[in-house]
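Chain and residue survey
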Amino acid sequence: MILLPPEQNSPVARRRAAAADGTPAEIGRQQQAVTIAAMAVELRESWSIGGVDVPTRIVLAPMAGVSIQAFRRQGRRFGAGLVCSEMVSSAGLEHRNERTFGYLRVSADEHPLAIQIFGSEPRAMADAARLVEAAGADIVDMNFGCPVKKVTKTGAGAHLLEDPELACRVVDAVASAVSVPVTVKMRRGLENGSRACLELGPRLVEAGAAALTLHPRSAKQMYTGEADHALTAELVALVPVPVIASGDVTSHATALTVLERTGAAAVMVARGAQGNPWALREIVEGDEFAPTREEVAAELIVFVREAARELGEQRAVGFLKKFYGWYLGRGRFPKPFKQELVQLATTEAVVTRLFAAAPEAAPLVERLDAELPAAEDEVVLDGLPISLYGGG
Ligand SMILES: Cc1cc2nc3c(=O)[nH]c(=O)nc-3n(C[C@H](O)[C@H](O)[C@H](O)COP(=O)(O)O)c2cc1C
C-alpha cells in the first residue's frame, strides 16, 4: 500500500511514492498505475493546505496593482481553486493606514483566499497576520520574493532569502500568532543561479509553513528569462508540504507539463490571467475558449463597476487603464477602442461606451450582478477603518 502524507497528494507525488515501494511484481503493478496517473493529472482535483480544502490545482497569483477583490472573485468563478491578495505591508497595518486596510476586504465568494503580507519584523508580521485572520482569510501568505528595491532595502521580500535566521523567525512568529495555515511565496534567491530557496524551504517548513510557492527566477532576473522549474522539482522532493509552482504557466498544456515534471501540488497563474479570466478556464478544463465580444464586454463592465466600488471612483479610473488593453485583446474590438476607453474621465462613461459597443452584453451583466454576494457579507473589522475604504 502506498502511504502519503495527506498534503503531498499530487498525482506525480503518488507516482514517486509508488516507485519507491515494494517487490518487482508490486512495482510492475504500480508502474501501470503510475502510467495511468501520469495520463490523468487532473487539474480539477482537490487538494489541501494545512486542512484548507482547495478545489482545483490552479492558484490565482498575488499581483500588486492587480489582485483586487474583483479580480479574485472573478478568478474563483473561472476555476481558480485558491486566490490571493496582493502583498499587504505589515508596517502599513501597524500604522493603521487606511489604504492598507482596504486590502483586507474579504467577500463571501472568494474563499478559499490567502492574504499575503510582507515585512521583516517578526512582531509586526505576527500582528499583521492576526488582522488578516480576523478579516476572514483562510490562509496567511508571506512574501519572500518581491524583488523591488523599495521592499528589499527594508529587509523584506526577496531579501529574506539571504537571511534564513530572520526568515525562520518571521515564519515562526506568524505561525504562532494565528490558527489558520501560514504559507510562504519565494523566488529562487537574490542572484542569478542562486539555490537559496532549497536551503531555506525545509527550514521554513520546520518553522511552521504549511505550503511553499516557488517562482524559480532570481530577484535580479525580475521577469526575464524563464522560470526554472527543475528547481521546483528539487524543492518538492525536499519538503513534506505542498509546493505551488509559479512562473510561465499560461495554458492547460504548460500547467500539465509543470505538474508532471515537478510533482507540485498546484500551479499558480499570474500574468496569463491579467484581463483574461478565460485563460483560467482553459487551463482548468483544457478546451480553448474564445469569448464573444458580449462576454468580454460583460466581464469588463462588472470588473469596472466592482473596482470603482472597491477603490473609490478616483483611484479606480487610473487603476483600470491597464486592464482595457488586457481585456480588449479578445472580442474583436476595433483597435482605437482601447485608446478611447483610456481617455474617458469616469468609470460610468466607460461602462456606457462598452454597452454601446456590445448591447447584447446587458443580460450577461444582469446575470453576473445577480451572482454577486450582498455587501453585508463582507467582514468589517471592529473599530478599524476597513469599512470606510472605497465607499464599500
Ligand atoms: C504586476 C505583478 C505584480 C506582482 N505582485 C506580486 C505580489 O504582490 N506578491 C507576490 O508574491 N508576487 C507578485 N508577483 C509575482 C507573481 O505572483 C508570479 O510569481 C510571477 O509573475 C510569475 O508568474 P507568471 O509567469 O504566471 O506571471 C507579481 C507579478 C506581476 C506581473
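Shown above is the structure to which this text applies.
Values in this document were obtained by computation on a predicted structure and should not be read as measured data.

Some thoughts on the overall build of the protein
- Per the secondary structure count, the protein includes 17 helices and 10 strands.
- When contacts within the protein are restricted to residue pairs at least 6 apart in sequence, long-range pairs at least 24 apart make up 68% of them.

So, the site of the ligand
- Residues in close proximity to the ligand total 22 residues, the closest being Ala61, Met63, Met87, Ala270 and Arg271.
- Within the shell around the ligand, the residues separate by chemical class into 10 nonpolar, eight polar and four charged.

Structural notes on unusual backbone geometry
- Cis geometry is adopted by the peptide bond preceding Pro112, which originates at His111 and carries an omega value of 0°.
- On the secondary structure map, Pro112 appears in the loop between α5 (98–102) and β5 (113–118).
- The backbone of Met222 sits at a positive phi, close to 55°, despite the residue not being glycine.
- Relative to the elements of secondary structure, Met222 occurs in the loop between β8 (209–218) and α10 (229–238).
- Given 11 C-beta atoms within a 10 Å radius, Met222 is considered exposed.

Here we look at the sheet that holds strand β4 (residues 82–89)
- Read once around its circumference, the closed barrel built from eight strands follows the order β3-β4-β5-β6-β7-β8-β9-β10, with strand pairing classed as parallel. Within the sheet, the average angular offset between the axes of one strand and its neighbour, ignoring direction, is 30°.
- Two strands pair when backbone bridges link them, and strand β3 (residues 58–60) and strand β10 (residues 266–269) are joined in this way by three bridges, in the parallel orientation. Bridge pairing in β10 links Leu60 to Val269.
- Across the sheet, α10 touches β7 (182–189), β8 and β9 (243–246), and the angle it forms with β8 is around 155°.

What about the pairing of β9?
- Both faces of β9 are covered, namely the face carrying Val243 and Ala245 and the face carrying Ile244 and Ser246.
- By the bridge criterion, three bridges tie β8 to β9 in an arrangement that is parallel. Each bridged residue has a counterpart across the sheet, and for Leu214 the counterpart in β9 is Ala245.
- Here β9 runs beside β10; their pairing, made up of three bridges, is parallel. Counterpart to Ile244 in the pairing with β10 is Ala266.
- One crossover worth recording links β9 to the parallel β10 by way of helix α11 (residues 252–262), and it is right-handed.

Digging into the nonpolar core
- Within the largest apolar cluster, 89 residues are counted, with the highest numbers of intra-cluster contacts made by Val171, Val174, Leu212, Val267 and Val269.
- Discounting chain neighbours no more than four positions away, the residues touching Val174 are Met125, Ala126, Ala129, Val140, Met142 and Val182.
- Of all hydrophobic cores here, the second largest spans 28 residues; its members include Val302, Ala307, Ala316 and Leu354.

About the thresholds
Residues numbered from 1 in each chain as written. Predicted model: local features only at pLDDT ≥ 70, side-chain atom pairs only at ≥ 80, totals over all residues. Helix = DSSP H or I, 4+ residues; strand = E, 2+ residues; numbered from the N terminus. Contact = placed C-beta atoms within 7 Å. Near = placed C-beta within 6 Å. Nonpolar A, V, L, I, M, F, W, Y, C, P; charged D, E, K, R; others polar. Buried ≥ 20, exposed ≤ 12 C-beta atoms within 10 Å, placed from the backbone. Pairing = 2+ DSSP bridges. Axes fitted to C-alpha atoms, helices over the stretch in contact; angles between N-to-C directions. Right-handed = clockwise from strand over helix to strand, strands pointing away. Core = buried A, V, L, I, M, F, W, Y, C linked by C-beta atoms within 7 Å.

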